[in-house]
Each structure stands twice: as C-alpha cells, then as structure tokens.
There are 2 protein chains.
Amino acid sequence: MDQENNGVNEDADIESYTGKETDERVYAQPLLSRRRNTTSQIAIVGANACPVESLDYEIIENELFKQDWRSRNTVQIFQYVLLKWAFALIIGLVTGLVGIFNNIAVENISGFKLLMTTELMLQHQYYKAFVALAGSNLALAAAAAALCAYIAPSAAGSGIPEVKAYLNGVDAHSILAPSTLFVKIFGSILCVSAGFVVGKEGPMVHTGACVASIIGQGGSRRYHLTWKWLRYFKNDRDRRDLITCGAAAGVASAFRAPVGGVLFALEEAASWWRSALLWRTFFTTAVVAIVLRAFMQLCSTGTCGLFGEGGLIMFDVSAAKVTYSVPDILAVILLGVIGGILGSLYNYLVDKVLRTYSMINEKGPATKILLVVTISLLTSICSYGLPWLATCIPCPADVSSRCPNTDVSGNYKSFQCPPNHYNDLASLFLNTNDDAIRNLLSTSTSKEFHISSLFIFFSAIYCLGIITYGIAIPSGLFIPVILAGSCYGRLVGRLFEPITKLDVGLFGLLGAASFLGGTMRMTVSLCIILLELTNDLLMLPLVMLVLLISKTMGDMFNHGVYDQIVKLKGLPYLEAHAEPYMKHLVARDIVSGPLITFSGVEKVGNILHALKMTGHNGFPVIDEPPFVDAPELCGLVLRSHLLVLLKGRIFSTDQVLAGDDVVRTISAFDFAKAGSGKGIKLEDLDIKDEDMEMYVDLHPITNASPYTVVETMSLAKAAVLFRQLALRHMCVVPKSQGRPPIVGILTRHDFMPEHILGLYPHISRQK
Amino acid sequence: MDQENNGVNEDADIESYTGKETDERVYAQPLLSRRRNTTSQIAIVGANACPVESLDYEIIENELFKQDWRSRNTVQIFQYVLLKWAFALIIGLVTGLVGIFNNIAVENISGFKLLMTTELMLQHQYYKAFVALAGSNLALAAAAAALCAYIAPSAAGSGIPEVKAYLNGVDAHSILAPSTLFVKIFGSILCVSAGFVVGKEGPMVHTGACVASIIGQGGSRRYHLTWKWLRYFKNDRDRRDLITCGAAAGVASAFRAPVGGVLFALEEAASWWRSALLWRTFFTTAVVAIVLRAFMQLCSTGTCGLFGEGGLIMFDVSAAKVTYSVPDILAVILLGVIGGILGSLYNYLVDKVLRTYSMINEKGPATKILLVVTISLLTSICSYGLPWLATCIPCPADVSSRCPNTDVSGNYKSFQCPPNHYNDLASLFLNTNDDAIRNLLSTSTSKEFHISSLFIFFSAIYCLGIITYGIAIPSGLFIPVILAGSCYGRLVGRLFEPITKLDVGLFGLLGAASFLGGTMRMTVSLCIILLELTNDLLMLPLVMLVLLISKTMGDMFNHGVYDQIVKLKGLPYLEAHAEPYMKHLVARDIVSGPLITFSGVEKVGNILHALKMTGHNGFPVIDEPPFVDAPELCGLVLRSHLLVLLKGRIFSTDQVLAGDDVVRTISAFDFAKAGSGKGIKLEDLDIKDEDMEMYVDLHPITNASPYTVVETMSLAKAAVLFRQLALRHMCVVPKSQGRPPIVGILTRHDFMPEHILGLYPHISRQK
C-alpha cells in the first residue's frame, strides 16, 4: 500500500470513516452527525442509524453470467422485453389509481371537516367551530404521526431525496419496503386532510418508486411466486429502470402532468439515463394520464362524494389574455430575483429546522407524535385565527362565482362576515391547499384579495411550510412552495399594478415559478409541470425567464433543497461533475485501509474470516504462481456471491480448480440479486470446523474484467469514470510491472468530499 | 499482437477498413459504398469522399495540461463560466434573428409569387398563371441548387443527421463551416419559397449548430482576434456543448418551441448529456423565444411586408372542444398503427431514393442542378395541375373567414371556380406549406375538404416529399412529414365521422403525430413540439398514445430516418447500447493491424516516418529500460500534439529527458485544438535531414492516464466504456505481466458492426 497521508491529521473520525475501504454497509447517520457537528447531537431525520448500501449497476462478467447469457434464447429475450413493458404498464396503472384514491380521500375528508366548520360558523358558534376544526386536524395528524413513528419511520418527509439517492446507487434501508408504501399512502392522505401546509406530490413520487420496487422484486421465493424468467429482473440495473418509471409516474399522477413527470425523472431524479428509458418512462406516464382521465370522467358524474369535477388541468389560468411589454418584463425580473432569494432562504431555514427536529425526533416515537401534534395545533390556530384580522369585503357585482360562498371549496368565503360580504383571508386559510392555490391563481379578479391579507397569508404559509417539513409525517415540499410563491407573486402583482397590465393571477403563477426555481433548482421539468398545471403556453417565455433568474439567484447562496436533504441524511450521493480539487490528486492518493485479497483458489477459513472481520462488499482475486507465471489480477468477487458459493459447499481438499463442478451445482439464478435486505447472511452459512481448511475455487464467480484505472490517473478523471459507468468498486492498478497487481479499491465513499478533504485538509483552500 | 482471425474471409475490403487501427481520418464514402453494395455504384449524398475525423472529448492529462490547470486562477475560471453563458446568449440571439429573417423572406417571396399567380387566375389567364408559377419556382430552385452545388455541397439535405453525428463525436469535413452556414440560410429560403415539399426546420437546426461552431472557434489567430481566455474553448468538449445549444436554438427558432428545442437536443441530437447543459440549453432557447416574440410584435404592426401576424403558436387548434370516448380512442389507435406503417414505409422509400440520387449527384454540379430543376417542374405541375381535378364547392354560410379567398394565404381559395365557390385542393396546393398545414388543422370546418381531395393531396405530398429529399438543396424533413401526416389524419377523421365526435382538425394533428412518430421515432420532444405548435394541452394524452403506437410500429420495420441517413452517409455513429453479439467477443478479438508505438524519448525520424506512413491519430508511448526497470505503458500521444511538438523543434542529440525545456518553449495554448481542418499539417513542418537522428522527449505531451481495458473484457462492456466516456482511443492492456504493456488500441471504427461482423461473419447469426 503506497498511500501517502503525509501531514494528515488522522483523528479517530477519519479513521473510522476511511478505514472501510470496500465497506459500504456503513451507518449513514452516526458518520454524518459526527462529521457535521462535534457536539454529535444531530441525528438525521428518518435515517436513524439506517444501513446504507451501494447498488451493483456494473455488469458482473463472471463465468456463470457468461454461461447464463449463452443459454438465453430468442423467446426468453422476447419475454424479457415484453415483461419490461408489462411492468411499466402495471406501475402506471397502480400509481394512477393510488393518485386517484389519494385525491378522492383527501377531498372527502377535508371537505367533510370544512363543511362542519362552516356550518358551525353560520350558526355563529365560533368556539365550537374552532374546536371542531382543530380537533379533527389533531386527530388526523396524530393518526398520521403514529403510523409514521411506529410502522415505517422512513415514510416521513418527502421521499424525493431518498428516491434520488437510490437512483444514484445508494440503497437506504427499507426506503422502498411495502410497509413504507403503506404508511406513505395513508399517512399522506391523513396529513394533507389534517390541514398541514404539506403536499401530496413528494409522497406520490415515493409511492410510485415503492410500487415499482415491489413489482421489480421479481417474485417471492418464500411464497413460491417465482417464474423462471422473472429472474432476469433480479438485478439492480433493471430495478433502477423500474424505479425511474415509478418516480415519473408519481409526478404524473400528483400533478396530472405526464410530460412533466418524464422530465422530472430525467432532470431531478435519475443519475443515469438512456434514451430507451425515456421511451419507457413516457409510456408509464401516458398510462397514468389515461387512468386519471378515465376516473375524472367517472367522478364528474358525482360518484366520488365531495370530489369535484375538473379535467386534467388543475389551475386553469388560460382565461387571462397574455400580452406584455417592457415594464411588465422588468416587474417580472424583479419578481424572479426576490423570489430566488426567498427560495434559497427557505432552503436555509428548512435545513436549520431539520437539524433541530432531528434532535427531537431522536428521542422516540412519543416525542415524534408530540411534535406533530404541536405543529398541528399551531396550524389550526393560524388557519382559524388569522382570518379574524381581515376586514369583510363587499361582494363584487360582476363576478361569476357565488359570493359569499358557504360551499366546501371556492372563493369568497363568508366566514364571520355579514351577508353579501366575504372574508378574503378565510378564502385562503379555510380551504384545502389546492383550492387556496386555485384562488390565488384566479384571473380577472385583481381586487379580490387585500394587499394586507396577501401579506399575512404569505408570512404565515412561508413560516408554517418551514416548520412543518421534518416532522414525522409524509410531507411534500411542492405545495407549500407553490402556495407561498403564488401568494408572493400575487402580492407583487398588486404592488406593481400601477405600472403593469399583466393579470395578478398570472403574477401568482410567476411567483410560484420563482419560488420553485429558488428552492428546487429545476428548470425544464418545472417549466413543463407549471404549463401542464395551468394550461397556458403563452406564458412559457415568462415562466422560463423567471425560472432562469430565480435558479441563478438561488445557486449563489446554497444547494437545491433535495440535495441539501440528501446531504443532511448522510447519503453518499455521487455528483455528476468532479470537484475542482480532484484535479490535484491522483487515484492512489485516496486509496486507504488494508487491502484484503483472495487467491483464485482460496481456503474457506480465510474467506470466512475476511467476511466476518470486514464489511467489505468486494474483494480482489489474485491468481498466484502455482497457476500462473507471475501474480496477476484475476478479478473482483462480491460478498453476496461468496455467500452463495459458500452455502453451496463445493469445497475440495486440495488447491485445485473446480472446473464445471460449480456451474453444475449452482445456477446463475442462485446468484441473482435478492431484494434489499433479503440475501443470504453470514449467519445462514453452515460451515463446519473441518471445512475451514478446505479450498474453494473462486474463478467461476469472479468478475474477470472489473473496470480499472492506473494509480496515476487524476482523481477527477477517475471520478468521472466511476460516476459515468455507475460503478460500485473500481480497481486501482499499479503503473509499473513487478509490483502486486492491485493497489487498492475505490468505492463511492472514497469520492465523497468529506473523505478526500479529511485526508487532505490543506487542499480545500486551493479549490 | 495476438489477434485471432481464424477463418475470417479477409477480402480487400475488410483489409482496407480494419488496417487503420488508430486511423480515423478515413474517407467515409468509398468505404461505405463498397461495403453496402458490391456493384460499388452507390455514392453517398453530400459526403462525396469527405474526410471524417473523430473528436477528442477525453481530458488529455499530460504535463502541459496539468501545468495549465494549476496556473488558472479564480478570475480566469469566472471568466470562463461567464463566457459560456455569453456564448449561449449570442447563439440564441443569432439563431433567433436568422429564424425571423428566414420567415420574413420566405413569406414575402412566396407571397409575391402566389399573389402574381392568383391575379392571373382571376383574369382567367390560366396558361400565363402556370408559367408565372412554374417559372418563378424554377428560378428560385435553380438558384438554391447552384449555391449548393458550387459553394457548399455539404449544405444539402436536412443537416440534422450531420449534427447528430458531430455530437456523437464524428466531424465530417466542412459540415459546420461558414460557407455551409451561408448556403444553408439562403438556400433554405430559396427552396422553401420555390414551393418544394421541404421544410426549414432541419436547416434551422444545422444553422444553429453552424452559428455555435463558428462562435466556438475561439477567435482567429490569422486575424489577430484572440483573447487569452478564449483558448479555454479551444477544445472539442466545449465546442460540443455550444453546438448542442445551437441545435436546440435551431428547433426553438424553427417551431417557435423553446422547450421542444431543449428536448429535441436532448432526445435526438446529443449523445452525451449533463444536467448543467440542460440548464444552458434552456437559457439559449429562452433567448430565442424572447427574440421571436419581440419581432412578432414588431411584425404585427405590418412592418414586415407580406409576413402575417400570429403569436408564438403556429397552428392553433385550441378552439376545438376536446372530449373523447372509447370509439374515438379506437379510431385513434387505428390511425396510429397505419400512420406508423406509412411512416416507416416513408423511411424505406427515402432510403431507396437517396441511393438513386447519390448516383446522379455524383456526376457533377450540372447534373445536380438538372435534378433539382426536374423535381421543381414536377412539383409545379402537381401544384397547379391537380387542383383542376377538384370540383368547385359552394362557400359555407357559417364560416368566419372570407370565402372565396383571393388573398395570398388562407382557406377557401377561389382558383378557377365561379363566384361564391372555392376549390379545396387549390387551398392546399397553392399555399405555402405552413398555410397548408394550418388549413388541414383548422377546426370546426369538417366538410371543408372533400375526401377525394384529401386523398389526392395526401398521395401527391407523400410522393413529392420522398422524391424531393436528397436533391442538392437544403431540405428539412419535418414539414413534408407533418403535411402528409395531417392530411392523412384529416382523411381518417372524415372516414370515421360516423363513429367519432372528435374534430377532424384534431384528427389532422394526430395524423401528423403518427407520421412523425413513424419516421423520426422521437417521443417526448415531438410531443412537446406538437404541443407548443398547436397550443392544446388537453390533446396531450391522445398525442402521447399516437406517438407511442406509431413509434412502436415503425421500430418493427426499420430505423428512424435520421439514423438511416447517418448510416447511408457512412458516418461511424456509436450507438448508446452494445449489440448482443458483442457479449460473445472480448476486446482483444477486434484489435487489428500493426501497432505502432513510440519510446518515451523517441527519434524524430521514427516519429516523422510513423506520421507519414499511417493515418493514426493516437500512438501509445512506452517507457523502456534505460529509464525504467521493465517496459511500461507511459501513455498515449496524439498526432496533433506531436505535430506541434515537432514544429517547436526542441530536439536533443542524446536520448535524455527534456525536463522543463518543453514547457518553457511551448505553452498549453499552442496545443489547444484548432478548428476543423485548421491544425498544423505534416507539410507545415520544417524538419531538416540532420534533425532526423535527434531525439525528442514525448513525456510532457503524453496523456499519462488514458482509459484502459484488460484484453479479456467482453466487447460489450468495453463498448459501454468507450461510448459512455466519449473516448477516441481506448488502450487494450494484457492480462498477465511480462508481455508488452499494450495489446492494441481500439477506436470508434473498431466498434462499428460492419467491422466486427466483417471479422467474425459467423457471429451475426448467433446474435
């Protein structure tokens, strides 16, 4: 090992981090918390000491794989392709149905709740109305929190960061498990109905990904639900593709935006992309769109309870005439700049709040529920209390919708006002979030909301949104941001009324765009999602402009909110680009820890010992002189494959090649990757003491052509290789001959900035 | 060399192809024509013996590069980033302006032509009218053909295949030269005005790419137009990014579809994609959208001559109410299936016609012009002659537009009909292509066109479109396909009238989608382009469905039309996926030809000899015993860098390391990659006879960490590496020690199916 840590302050922290050279089964939370904060009080939300494992996207070219490939015939390949599309179809169908179910449930529950409150208000029983509202909110919130705290803690939060990390190659424990799916669906319904400032969009993405993951498990051996050809899906590459489709389907279902879903998957979620995948994702979201459309038509006949009608477009602003001139554009630019700054401030505050909450949540399920209940009460107080600050406004004469409105949804809520008057704040607060956004984006109603009311609502929602994310409920970030943003936009529109002719509803839309750009930092996908939401293509140039400006502003201050959360959760996310300081290091520089290698034919005892003592997931196999002239790198063997081989017990007393014995005893099917946490464990092995001195031939399961880099390759170039090819292990080989044939192995963790800058603290200043 | 060509039929063809192991400066046309057709009569359109060169996308990590990198300070990096965005801005501005100019010119020229014809028709001077129409068409066509044939032959055709190939790493000679740009702009205007069934969309993409390429040349040393920091753009990677932006800007400008442009660049044009690029491309198309919008507003005041008004949406169908039920969907599915088949038939026929034309075009510029003139006459005869077949239809009473219409554009052309009657075929034929499409997509006018007229127009346009592509004019494929498709769709709509309630205008849109899907095989980008063209988001699910079906149908029969043309032109395009047969071969199997290597410190004579005798662009450098213990691979040196080094004449009489001499004499700037065809040539060197025995140290310019694969890696895996990392050279290293440190070099040509299946003809059957 020729690592040169000259002058590195090797404190215990770094030791424990870098010691695991090929060890990826590390525990995300403690690592990160220690690294981030010396007081080590920060726990990570939703990832409390959850094990993180890298995924195997590399094609493992061993003998068994080759044999398996050769045995595939045209029919099997056709079945495989057909199945891929069938899975895409199923994912689309299921995600679409879940989306519909979610919508219907939320509209009915919160509709019932609001109806009750409104009834009591009409009878002037104001205290009872508050109790009814706050009580039902509390009950729903507590139920959601209990589900989350006791059944599936990983269902808390948006889920998009975890899906993003999964598609980057990091599998956090139970993030896509059936229990997570269950809690995500029902928790999301409960907490959206509970009036929290949270959305169902993030959870829908997570739901889509969970559905895809469960479908992609390729049957269950325990329940004898396996077809032979399902095994072709038992690998991480095919699962990744399915989950990408699932994430796209989630967005398509949440926003009713099929093209937006594809682009979201492409721009935000997926780390690797192929054009064939574009095509399949597109198919999935098309299925979602058709399912949604069919149910919308069904529901428009009134069979879905309080669920309203409405087409695929949610917030239709196309009624407004879009013409704009220079002053309008100036106003819009200013809106974009401030929106971007407010968006990045939002990210900053969410980060701070998350860190605080994680300390609270760490204390146990009861504390988690307590926190949720507190926030729920606070939300109820705001929703019910703040409208009292607004003055009653006489109903306008020329308005098409009913005023005052005593319905479940809609504009012009009567609240405490006398007949023919309405309370503008109540129209925003005492509505579902979707309806509030619809009111804020309503066009040709410029005077509907007072400037003061807009300001109060904006402040309240901005703060509530920040303090709500991070509590133990499934909570999307899109809706709070759109809500705050459209209110901000409408406010700006009102303020600029003297100089601009653009409708305030359109300003609302642009405000939402600026906030989304400032927090999420997506461009094309947000653009398309907003278009599909609002059905106004003529706004496109302005929306693009605002997104460009607000993203640029936001990027000056911090990272996008999802990247921030990924980092906070300690998930080792590989960035697409190499950091500048990587150009100053070479691959050899970051190789660390003792390297454990096996011989081509290795003693069972040695293998068991290595598996027990290290957490490494990949071991180099080196052929040595009895078999070859000089030591040479035979390849790389995976822990999971070693376990299968040892379970098969094809041992020999002498150090000889096993020949076809292995292939005859164990099929490639046995080596197919099991679902997360389902593979053979070390404890499952039944190795007797007398076996320990036996030999086992590793050649049939050794990946004979792992990707290698020469030790003098710059780290930047090596990082690009690692990321582009979606590797899990990269072998570093010596430049000159006559030395041991491998210098070390690099894994995802070795490329993390924390690791590199830990080894070379002086380099960070150079940048 | 351990290549094993057992049983390979090594005919002269394969020899000449595979002999050039690292030689990429091969001549595309003769190779391909011989390979494709044993009669060797097929020449390739527009690529008549043009040299093809691979691009260097790999980071060349040599000493000079490292030194240069270390010397960069924050200000320089900031300048670089700023400049990137400034370039994107300029590309957007210029492409937008060219788009506007093109539109105004076409509308005015063809408007004038049609006005003249209509005037003569009104005076019943039918023969004069034909002469006027055919004469002006002929003159315009001849002018376009002359430009193309004499000034820039590579401006012929769509240009999208060449841009696609460039972004895949293949630089065809003069494809992005200023002369090509000039001819593309004016040729496109002339031939669209000449009434050909061609579009301006493909040419606009090519124009955008040319603009970007010229901007990306990084100044000109000849005219002393160089800034020091422009040199950071003197590499193929940054140029590729700019050209991607240019292609997106072209689509955005042609279709007025900014988001569609981004997606087109992503889905069809670019082979490598980074999220940072998405962001910059988006910015470029936003600039285009703003430029277009500003000019549209200017033109709507009537200052642009015959150029009409109209917003960013070209074919507005949003007036139609979109509701559909099961029978509609069945009709749409049938439409998609037949559309897909007709689309792939279109591809097949275009391919056949192109092969025939290339034989004709090969004979010289005069023949080229003659062909253009013939097709122009044929087009004029169809346009003027076929409307006589239509019967005059009485004007409907309830229509908003004028009927009969004697204007330049619009529906309900009077032609030869008595007052209050119109000729429906004339409304389609005697219009610009854009207006014809607009008429076909017009909604709420279901009876406007007779079924027989639609059938005549469809047949004529389908055939004219096929025979027009391939003649020596800039000719886009989008418009012919949309034209034929929308006519087909409207025809189907009319036929299905008894069972469907969907507007025939919407059927026209779906027909266009089905043809586009069937020929171009794009999905998301076409979807968005159609949406932006027609402003109807509610059609989205149906458009998606049709695209999915027609693409699937088309894929059963052949490749997309652009892929077909790329192949026909003999451009070595690297596919994203590895072919199935590649799994049965290893990297070593396709290494061929004698390997030429240099020592770390090599004799000038040897280098010159190698440069003269081979066309190789990369040479392995091997350090040998005086300097190291055993021979080891030092790295890879590029021909272009060798030429610069030899020009610098830093020679020594002994075989010693040059130390910092080289770095002091030659800067990294000198090694910056010159524009296409501009670098130092072998003839430019001034090497005297006495220099031949001197030594030159290659270490400072050797890329010390080229990407390597071990010889036993499967070809499929090696191909993925090659393609994913956008390599030009890949070193194959031996598995065992003690052998020469390099087995061979693989280049783009080695991965071409023609090459591999030529070496192993028996393998193609295995698949």
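What counts and how
- Residues numbered from 1 in each chain as written.
- Chains lettered and ligands numbered in written order.
- Predicted model: local features only at pLDDT ≥ 70, side-chain atom pairs only at ≥ 80, totals over all residues.
- Heavy atoms only, no water.
- Helix = DSSP H or I, 4+ residues; strand = E, 2+ residues; numbered from the N terminus.
- Buried < 20%, exposed > 50% of the residue type's maximum accessible area, 1.4 Å probe, protein only.
- Contact = heavy atoms within 4.5 Å.
- Areas by Shrake-Rupley, 256 points an atom, 1.4 Å probe, with all protein chains shown as cover.
- Phe/Tyr/Trp six-rings, centres within 6.5 Å; stacked < 30°, edge-to-face > 60°.
- Pairing = 2+ DSSP bridges.
- Axes fitted to C-alpha atoms, helices over the stretch in contact; angles between N-to-C directions.
- Right-handed = clockwise from strand over helix to strand, strands pointing away.
- Disulfide = S-S within 2.5 Å.
- Least-squares fit on C-alpha atoms with pLDDT ≥ 70 in both.
- pLDDT = per-residue confidence, 0-100.
- Buried area = accessible area lost by both parts, 1.4 Å probe.
- Salt bridge = Lys/Arg side-chain N within 4 Å of Asp/Glu carboxyl O.
- Expected span 1.5 Å × (residues − 1).
- Core = buried A, V, L, I, M, F, W, Y, C linked by side-chain atoms within 4.5 Å.
- Left-handed = near helix turned anticlockwise from the far one by under 90°.
- Nonpolar A, V, L, I, M, F, W, Y, C, P; charged D, E, K, R; others polar.

A. Fine view of the overall build of chain A. Across its full length, chain A carries 28 helices and 13 strands. Per-residue burial over chain A gives 64% buried out of 767 residues. Sequence-distant contacts in chain A: of pairs separated by 6 or more residues, those separated by 24 or more amount to 79%. When the accessible area of chain A is evaluated, it comes to approximately 27,100 Å², of which 61% is carbon and sulfur surface.

B. Local environment of the packing of aromatic side chains. This model, assessed by the stated rule, comprises 42 aromatic pairs over all chains. Aromatic side chains Tyr 57 of chain A and Trp 272 of chain A sit 5.6 Å apart centroid to centroid with 75 degrees between the ring planes, which places their arrangement in the edge-to-face category. Taken together, the residues Tyr 57 of chain A in the loop between strand 2 (51–54) and helix 3 (63–71) and Trp 272 of chain A in the loop between helix 10 (258–269) and helix 11 (275–299) connect sequence positions 215 residues apart. Tyr 57 of chain A sits in the buried class, given a relative accessible area of 5%. Trp 272 of chain A gets classed as buried once you look at its relative accessible area, which sits at 12%. Centre to centre, the rings of Trp 85 of chain B and Phe 283 of chain B are 5.2 Å apart; their planes meet at 70 degrees, and the pair counts as edge-to-face. One end of the pair, Trp 85 of chain B, is in helix 4 (residues 74–122); the other, Phe 283 of chain B, is in helix 11 (residues 275–299), with 198 residues separating them in the sequence. Cluster of aromatic residues (ring-pair linked, three or more members): Tyr 126, Phe 130, Tyr 384, Trp 388 and Phe 415 of chain A.

C. Region of the structure containing the pairing of strand 13 (residues 744–747) of chain A. Residue and element names in this part refer to chain A. Both faces of strand 13 are covered, namely the face carrying Gly 744 and Leu 746 and the face carrying Ile 745 and Thr 747. As defined by bridge partners, strand 12 (residues 729–733) adjoins strand 13 across four bridges and the pair is classed as antiparallel. Its bridge partner lying in strand 13, Met 730 is registered against Leu 746.

D. The arrangement of the sheet that holds strand 8 (residues 618–623) of chain A in detail. Residue and element names in this part refer to chain A. Pairing is mixed across the open sheet formed by three strands, whose spatial order is 6-8-9. This sheet does not close on itself; its edge strands, each paired only once, are strand 6 (598–599) and strand 9 (632–638). Docked against the sheet, helix 23 (residues 639–648) engages strand 6, strand 8 and strand 9, running at close to 80 degrees with respect to strand 9.

E. Quick look at the pairing of strand 12 of chain A. All names here are of chain A. Burial within strand 12 is extensive, with five of its five residues counted as buried. Both faces of strand 12 are covered, namely the face carrying His 729, Cys 731 and Val 733 and the face carrying Met 730 and Val 732. Pairing analysis gives three bridges linking strand 11 (residues 708–710) to strand 12, with the strands arranged parallel. By the bridge assignment, Val 709 is partnered in strand 12 with Val 732. Read from strand 11 through helix 26 (residues 715–724) to strand 12, the crossover connection turns out right-handed.

F. The state of the cysteines, seen in detail. One pass over the full model with this rule turns up two disulfides over all chains. With its sulfur 2.0 Å from that of its partner, Cys 392 of chain A forms a disulfide with Cys 417 of chain A. Because the torsion about its S-S bond is -90 degrees, the bridge between Cys 392 of chain A and Cys 417 of chain A counts as left-handed. Note that Cys 392 of chain A is positioned in the loop between helix 13 (365–385) and strand 4 (393–394) and Cys 417 of chain A in the loop between strand 4 and strand 5 (421–422), a separation of 25 residues in sequence. Relative accessible area serves as the criterion here: at 9%, Cys 417 of chain A is assigned to the buried category. Of the cysteine sulfurs around Cys 245 of chain B, a residue in no disulfide, the closest is that of Cys 210 of chain B, at 15 Å. Exposure remark for Cys 245 of chain B: the relative accessible area of 0% places this residue in the buried category.

G. The arrangement of the relation of the copies chain A and chain B in detail. When chain A is fitted to chain B, the residual RMSD is 0.0 Å, and the transformation amounts to a turn of 180 degrees plus an axial shift of 0.0 Å. Here the two chains are linked by the operation of a two-fold rotation axis. Interface overlap between copies: 100% of the residues of chain A at the interface are likewise at the interface in chain B, consistent with a symmetric, same-surface contact.

H. Representation of the confidence of the model for chain A within the structure. Residues and elements named next belong to chain A. Of all residues in chain A, 88% have pLDDT values of 70 or greater, and the mean over the chain is 83. Taken together, the stretch residues 1–49 has pLDDT below 50 and engages in 120 contacts with residues farther than four places along the chain or on a different chain. Prediction confidence for the complex, expressed as pTM and ipTM, is 0.87 and 0.83 respectively.

I. Focus on the interface of chain A and chain B. Contacts between the two partners involve 73 residues from chain A and, on the opposite side, 73 residues from chain B. In total, chain A and chain B occlude about 6,300 Å² of area from one another, counting both sides; carbon and sulfur atoms represent 69% of this. In terms of surface lost to chain B, no three residues of chain A exceed Trp 279, Lys 717 and Gln 737 of chain A, which account for 12% of the buried area on that side. Seen at the junction of chain A and chain B, the total is two salt bridges.

J. Here's a closer look at helix 10 (residues 258–269) of chain B. Residues and elements named next belong to chain B. Here helix 10 contains twelve residues, and its C-alpha end-to-end distance of 15 Å stays within 8% of the 16 Å for a straight helix at 1.5 Å per residue. Summarising burial for helix 10: twelve of the twelve residues are buried, a large majority. Taken residue by residue, helix 10 has Pro 258, Val 259, Gly 260, Gly 261, Val 262, Leu 263, Phe 264, Ala 265, Leu 266, Glu 267, Glu 268 and Ala 269 as its buried positions.

K. Examining the sheet that holds strand 8 (residues 618–623) of chain B more closely. Residue and element names in this part refer to chain B. Taken together, the three strands give an open sheet; going across it, the order is 6-8-9, and neighbouring strands pair in mixed fashion. The outermost strands of the open sheet, each flanked by one partner alone, are strand 6 (598–599) and strand 9 (632–638). Here strand 8 pairs with strand 9 via six bridges, running antiparallel. Paired with Pro 620 across the strands is Leu 636, a residue of strand 9.

L. Quick peek at the nonpolar core. Phe 196 and Phe 478 of chain A together with Phe 196 and Phe 478 of chain B are the most contacted members of the largest nonpolar core, which totals 337 residues. Among all residues touching Phe 478 of chain B, those that are not within four sequence positions of it are Ile 160, Glu 201, Phe 255, Phe 264, Leu 516, Met 520, Met 522, Leu 526 and Tyr 562 of chain B. Among the nonpolar cores identified, the runner-up in size contains 58 residues, and Leu 715 and Val 743 of chain A together with Val 591 and Ala 719 of chain B belong to it.

M. Up close: the packing of helix 12 (residues 326–361) of chain A against helix 17 (residues 478–495) of chain A. Residues and elements named next belong to chain A. Relative to each other, helix 12 and helix 17 sit at 145 degrees, their axes nearing to 11 Å. The two elements helix 12 and helix 17 meet at a crossing, and its hand is right-handed. Where helix 12 approaches helix 17, its residues Leu 334, Leu 335, Ile 338, Gly 339, Leu 342 and Tyr 346 are matched on the opposing element by Pro 480, Val 481, Tyr 488, Gly 489 and Val 492. Split into classes, the residues belonging to the contact of helix 12 with helix 17 amount to nine nonpolar, two polar and no charged.

N. Main features of the pattern of salt bridges. Under the definition given, this model contains 42 salt bridges over all chains. Among the salt bridges present, the one from Glu 711 of chain A reaches Arg 588 of chain A, with a minimum N-O distance of 3.7 Å. One end of the pair, Glu 711 of chain A, is in the loop between strand 11 and helix 26; the other, Arg 588 of chain A, is in the loop between helix 21 (561–568) and strand 6, with 123 residues separating them in the sequence. On the basis of relative accessibility, which here comes to 2%, the residue Glu 711 of chain A falls in the buried class. One salt bridge in this structure joins Asp 555 of chain B and Arg 521 of chain B, with 3.3 Å as the shortest N-O distance. Highlighted residues: Asp 555 of chain B in helix 20 (residues 540–557) and Arg 521 of chain B in the loop between helix 18 (504–520) and helix 19 (524–534), separated in sequence by 34 residues. In this structure, a network of salt bridges that share partners links the residues Glu 53, Asp 56 and Arg 728 of chain A.

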